[in-house]
Amino acid sequence: MQNKVVTLRTQTPLYGQLVIGPPGSGKTTYCAKMKQFLEKLERKVTVVNLDPANDNMEYETTIDIMQLITVEDVMEQFNLGPNGALIYCMEFLETNFGWLLEQLKASPDKYFIFDCPGQVELYTHHNSMKNIFEQLEKLGYHLCTVHLVESHHCSEPHKFISTLLLSLHTMLQMGLPHVNVLTKADLLKEYESKLAFNLEYYTDVLDLSYLLESVDNSMGPKNKYKKLNAAIVSMVEDYSLVSFCLLDCNRDDSLLRLKNAIDKANGYVYGAGEEKNVNTLLACAVGAETQTDRMERDVNPYVS
């Protein structure tokens, strides 16, 4: 039986970020690092584990879906594979939304980082995650999606096209303010020789016709996906929604820039007491440092 949920909006502003992305993109590490960084700024944060198969958490949390249901138990009880079990767990959480809401209400903190599962169909065409966070929004939670993708995908044009399509599809499906992130920027130096363009081309998603040319050159005259790639690129350009932030989780200045982008996306910069002083508002504005300089700082830790 579905739990009854009180639909009264909260009086105190509550904020959060949904951390999503494919397996291996660094979601759990990001959640731990961002929590530590925000606590340095005296922001009280609760990390919420919504991955029922996450047995390698790098952070402490008081809200954990594994207290409600686990993939292992579902696989054993219903004889499902890992993917089917994960889908079942998310549908079970949607049905028992009241459990999650009570856990959030019991937290003394007003800012939440949701560590979400890595199965991409949960954010492209399955509706449970979308429905869960739609309900939280209606109850007064100010949320944004933080979509993590490994930066090494920039080194191969066809992989970057897939990344663009995944990011766009996720943005349209989830329907929340959205920040796309290229993670592990510190490792990009290893792939620098394979990058067809400078980093700003990938983060700002500039004229993608050049990307198509690069794909054609790499795959030769037998490129049977030429028309498909062209159609995907055309769609991404028509929507003109996708861009990326670079992130090196080991650098506070990189975390700060991403924090500022997220705070503007979920509205924290406009509503929370921490951000109401002029100096912090200016820190969230676009500074004199160029985007290229900022990216170089992320990619090369030896740049002063």
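Naming follows an unreviewed UniProt entry, where the protein appears as GPN-loop GTPase 2 of Aedes albopictus. The record held by UniProt for the protein lists under Function (unreviewed entry) the comment "Small GTPase required for proper localization of RNA polymerase II and III (RNAPII and RNAPIII). May act at an RNAP assembly step prior to nuclear import." Comment text from UniProt for the protein, heading Sequence similarities (unreviewed entry), reads "Belongs to the GPN-loop GTPase family."

Time to look at the pattern of salt bridges. Applying the stated criterion to the full structure yields eight salt bridges. Across the pair Glu 39 and Lys 35 runs a salt bridge, and its minimum N-O distance is 2.7 Å. On the criterion of helical spacing, the pair formed by Glu 39 and Lys 35 is a turn pair, its members being four residues apart in helix α1 (residues 27-40). Residues participating in the shared-partner salt-bridge network are Arg 43, Lys 259 and Asp 263.

Where a protein is soluble and globular, its nonpolar side chains tend to be buried together. Within the largest apolar cluster, 35 residues are counted, with the highest numbers of intra-cluster contacts made by Phe 114 and Phe 133. Contributing elements (two or more residues each) for this core: β1 (14-20), α2 (71-78), α3 (82-95), α4 (97-106), β4 (111-115), α5 (121-124), α6 (128-138) and β5 (141-150). Residue contributions to this core peak at six residues, all from α3. Sequence-distant contacts of Phe 133, defined by excluding residues within four places in its chain, comprise Leu 18, Leu 50, Phe 114, Cys 116, Leu 143 and Leu 176.

Turning next to a nonpolar patch on the surface. Taken together, the side chains of Leu 165, Leu 172, Met 235, Tyr 239 and Leu 241 define a hydrophobic patch exposed on the protein surface, amounting to about 410 Å² of accessible area. Listed by contribution, the elements that provide at least two residues to the nonpolar patch are α7 (157-174) and α10 (226-239). Here Leu 241 is to be found in the loop between α10 and β7 (245-246).

To continue, consider the side chain of Ser 167. One can find Ser 167 in helix α7. By relative accessible area, which is 0% here, Ser 167 ends up buried. One polar contact links the side chain of Ser 167 to the main-chain carbonyl oxygen of Thr 163, over a distance of 2.8 Å.

Whenever strands of a sheet pair, they do so through backbone hydrogen bonds, lying parallel or antiparallel. Taken together, the seven strands give an open sheet; going across it, the order is β3-β2-β4-β1-β5-β6-β7, and neighbouring strands pair in parallel fashion. Two strands close off the open sheet at either side, each with one partner strand: β3 (63-64) and β7. Pairing analysis gives two bridges linking strand β6 (residues 178-183) to β7, with the strands arranged parallel. Residue pairing in the sheet places Leu 182 in a bridge with Leu 246 of β7. Strands β1, β4, β5, β6 and β7 of the sheet are contacted by helix α11 (residues 252-266), whose axis makes an angle of about 140° with β5.

With that out of the way, let us pick up the environment of Ile 87. Secondary-structure assignment places Ile 87 in helix α3. Looking at Ile 87, the relative accessible area reads 17%, which means it is buried. The sequence separation of Ile 87 and Gln 119 amounts to 32 residues, and the corresponding C-alpha distance is 8.8 Å. Ignoring anything within four residues of it in the chain, the contact list for Ile 87 reads Gln 119, Glu 121, Leu 122 and His 126.

The next point concerns the packing of aromatic side chains. A full pass over the atoms with the stated rule returns twelve aromatic pairs. Pairing Phe 114 with Phe 133 gives two aromatic rings, centres 5.2 Å apart and planes at 80°, and the pair type is edge-to-face. Highlighted residues: Phe 114 in strand β4 and Phe 133 in helix α6, separated in sequence by 19 residues. The class of Phe 114 is buried, set by a relative accessible area of 0%. Feature note: the residues Phe 160, Phe 197, Tyr 201, Tyr 202 and Phe 244 constitute an aromatic cluster, connected by ring pairs. Above the face of the Tyr 111 ring, Arg 43 is positioned so that its terminal group lies 4.9 Å from the ring centre. When the ring centre of Tyr 268 is taken as origin, the NZ or CZ atom of Arg 43, which lies over that ring, is 3.8 Å away.

Procedures and definitions
- Residues numbered from 1 in each chain as written.
- Predicted model: local features only at pLDDT ≥ 70, side-chain atom pairs only at ≥ 80, totals over all residues.
- Heavy atoms only, no water.
- UniProt positions renumbered as here; feature names shortened; annotations may be inferred.
- Salt bridge = Lys/Arg side-chain N within 4 Å of Asp/Glu carboxyl O.
- Helix = DSSP H or I, 4+ residues; strand = E, 2+ residues; numbered from the N terminus.
- Core = buried A, V, L, I, M, F, W, Y, C linked by side-chain atoms within 4.5 Å.
- Buried < 20%, exposed > 50% of the residue type's maximum accessible area, 1.4 Å probe, protein only.
- Contact = heavy atoms within 4.5 Å.
- Patch = residues over 30% accessible without salt bridge, like charges linked within 9 Å, V, L, I, M, F, W, Y side chains within 5 Å.
- Areas by Shrake-Rupley, 256 points an atom, 1.4 Å probe, with all protein chains shown as cover.
- Polar contact = N/O pair within 3.5 Å; in protein donor to acceptor, adjacent residues only side chain to side chain.
- Pairing = 2+ DSSP bridges.
- Axes fitted to C-alpha atoms, helices over the stretch in contact; angles between N-to-C directions.
- Phe/Tyr/Trp six-rings, centres within 6.5 Å; stacked < 30°, edge-to-face > 60°.
- Lys NZ or Arg CZ within 6 Å of the ring centre and 35° of its normal.

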